[in-house]
Amino acid sequence: MTKPVVGFIGLGLMGGNMAECLQNNGFELVVMGRNKDAVAKVVGRGAKEVNSPKELAEASDIVMLCVTTSEVVESLIYGEQGILAGIKQGAVVIDYGTSIPASTQKIGADLAAKGAGMIDAPLGRTPAHAKDGLLNIMAAGDQDTFEKVKPVLDVQGENVFYVGALGAGHTTKLINNFMGMTTVCAMSQAFAVAQRAGVDRQQLFDIMSAGPSNSPFMQFCRNYAVDGVSDLGFSIANANKDIGYFVKMVEDMGTVAPIAEATSSNLQAAVDAGLGDGNVPEIFDLFLKLGR
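These remarks concern the structure in this document. Since the model is a prediction, treat every value here as computed from it, not as a measurement.

Turning to the state of the cysteines, a few remarks are in order. This model, assessed by the stated rule, comprises zero disulfides. Free of any disulfide, Cys21 has its nearest neighbouring cysteine sulfur in Cys66, separated by 13 Å. No disulfide involves Cys221; its sulfur sits 8.4 Å from that of Cys185, the nearest cysteine.

Moving on, we come to the side chain of Thr98. As for its position among the elements, Thr98 is in the loop between strand E5 (92-95) and helix H6 (101-112). When its relative accessible area of 11% is taken as the criterion, Thr98 is described as buried. With residues near it in sequence (within four places) discarded, Thr98 still touches Thr68, His170, Lys173, Leu174, Lys241, Asp242 and Tyr245.

Okay, the layout of surface pockets next. Each pocket or cavity is described by its volume, and for the largest pocket that value is around 1600 Å³. Lining the largest pocket are 46 residues, with Met14, Cys66, Thr98, Phe234 and Asn238 positioned closest to its centre. Looking at the lining of the largest pocket, the elements that each hand over two or more residues are helix H1 (13-24), helix H4 (70-77), strand E7 (123-124), strand E8 (135-139), helix H9 (168-197), helix H11 (216-227) and helix H12 (236-252). When residues of the lining of the largest pocket are assigned to their parent elements, the largest contribution, six residues, is made by H9. Broken down by class, the residue content of the lining of the largest pocket amounts to 21 nonpolar, 19 polar and six charged.

Within the fold, Gln23 resides in helix H1. Since its relative accessible area comes to 13%, Gln23 is described here as buried. In contact with Gln23, other than residues within four places in its own chain, are Leu29, Val42, Arg45, Gly46 and Ala47.

We now examine the packing of aromatic side chains. One pass over the full model with this rule turns up three aromatic pairs. Plain terms: the ring middles of Phe178 and Phe246 are 4.4 Å apart, the flat faces sit at 10 degrees to each other, and that makes the pair stacked. Pair noted here: Phe178 is in helix H9 and Phe246 is in helix H12, with a separation of 68 residues, a long-range link. Since its relative accessible area comes to 8%, Phe246 is described here as buried.

What follows covers the sheet that holds E8. Pairing within the open sheet is mixed, and its three strands lie in the order E7-E8-E9. Taken across any chain shown, the strands that pair with only one partner, and hence form the sheet edges, are E7 and strand E9 (157-162). The pairing of E8 with E9 spans five bridges and is classified as parallel. The partner of Asn136 across the bridge, within E9, is Asn159.

Attention now goes to the nonpolar core. Here is a general trend for soluble globular proteins: nonpolar side chains tend to be buried in one another's company. Counting 34 residues, the largest nonpolar core has Phe191, Phe246, Ala260, Leu267, Val280, Ile283 and Phe284 as its most contacted members. Taken together, the elements giving at least two residues each to this core come down to H9, helix H10 (201-209), H11, H12, helix H13 (258-272) and helix H14 (283-290). Counting residues in each nonpolar core, the second largest holds 32 residues, with Met18, Ala47, Met64 and Ile94 among its members.

What counts, and where the lines are drawn
Residues numbered from 1 in each chain as written. Predicted model: local features only at pLDDT ≥ 70, side-chain atom pairs only at ≥ 80, totals over all residues. Heavy atoms only, no water. Disulfide = S-S within 2.5 Å. Helix = DSSP H or I, 4+ residues; strand = E, 2+ residues; numbered from the N terminus. Buried < 20%, exposed > 50% of the residue type's maximum accessible area, 1.4 Å probe, protein only. Contact = heavy atoms within 4.5 Å. 1 Å grid on protein atoms, 1.4 Å probe; cavity = no way out; pocket = protein on both sides within 12 Å on 5 of 7 lines; lining within 4 Å. Points joined across faces, edges and corners; volume = space filled by probe spheres on them. Nonpolar A, V, L, I, M, F, W, Y, C, P; charged D, E, K, R; others polar. Phe/Tyr/Trp six-rings, centres within 6.5 Å; stacked < 30°, edge-to-face > 60°. Pairing = 2+ DSSP bridges. Core = buried A, V, L, I, M, F, W, Y, C linked by side-chain atoms within 4.5 Å.

And the structure:
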């Protein structure tokens with residue numbers, strides 16, 4: 001069976017490795033992007049470069065987006081030269097980013113009106129996993145649309161979870177990131193309080209990790225608070241965006257999330273203090289400085 005032509009937008013560290021994985025598995029790619037070095041690498045392996053989202057959609061059976069925000073996704077979908085203007089009937093758009101579910105659902109409805117489908121499929125694991133096709137993928141959307149693209153998702157992911165109707169993937173991802181980033185903020189604050197109180201941080205870790213609080217997140221927090229090693233690989237700026245999206249999602253449900261609001265406030269304070277490019281455990285520095 002002929003493989004579908006894949007259009008790929010978002011050739012950052014994660015997206016670039018995902019594109020390479022597809023090419024290594026025999027997929028024809030159509031690409032575009034502002035990072036010309038990243039585009040050149042993919043083109044050098046045989047991809048075709050185009051100049052607009054519309055042109056990319058016109059040439060693709062599946063359009064994959066691996067970009068940073070809902071705003072960027074919407075800018076690529078809408079407009080005279082957007083994906084919606086060029087999408088083919090029967091094509092599928094897959095959003096691998098972390099987006100606001102309500103935005104995803106609106107885009108999906110607009111694509112459906114053109115006879116195209118959409119899957120929201122946020123990712124777990126790292127760019128190294130992306131290169132080897134070992135990502136965790138939380139896919140959502142119409143069941144038939146999911147089954148249509150699942151063979152491609154299986155190339156990119158070791159674990160492909162179908163989580164329900166369109167938007168459920170982004171909802172699941174935001175819940176996951178709320179839990180994870182709140183945990184990192186709490187543990188980083190614990191280490192900061194320990195230092196201010198004169199408690200040995202390594203001994204605190206030894207005690208906490210011997211109980212049910214032990215987790216990989218605790219290890220990441222310990223590595224920075226004790227050894228100054230920042231190895232989580234997820235920035236404060238990205239966490240701030242995701243928790244802001246979580247709060248917005250909860251507001252769209254007509255309720256509130258005070259714990260998430262507190263996490264969001266602390267992450268925003270870290271961004272305002274110039275720490276946005278650092279990994280999330282580096283919020284320890286903010287807590288230590290401010291006594292928060």
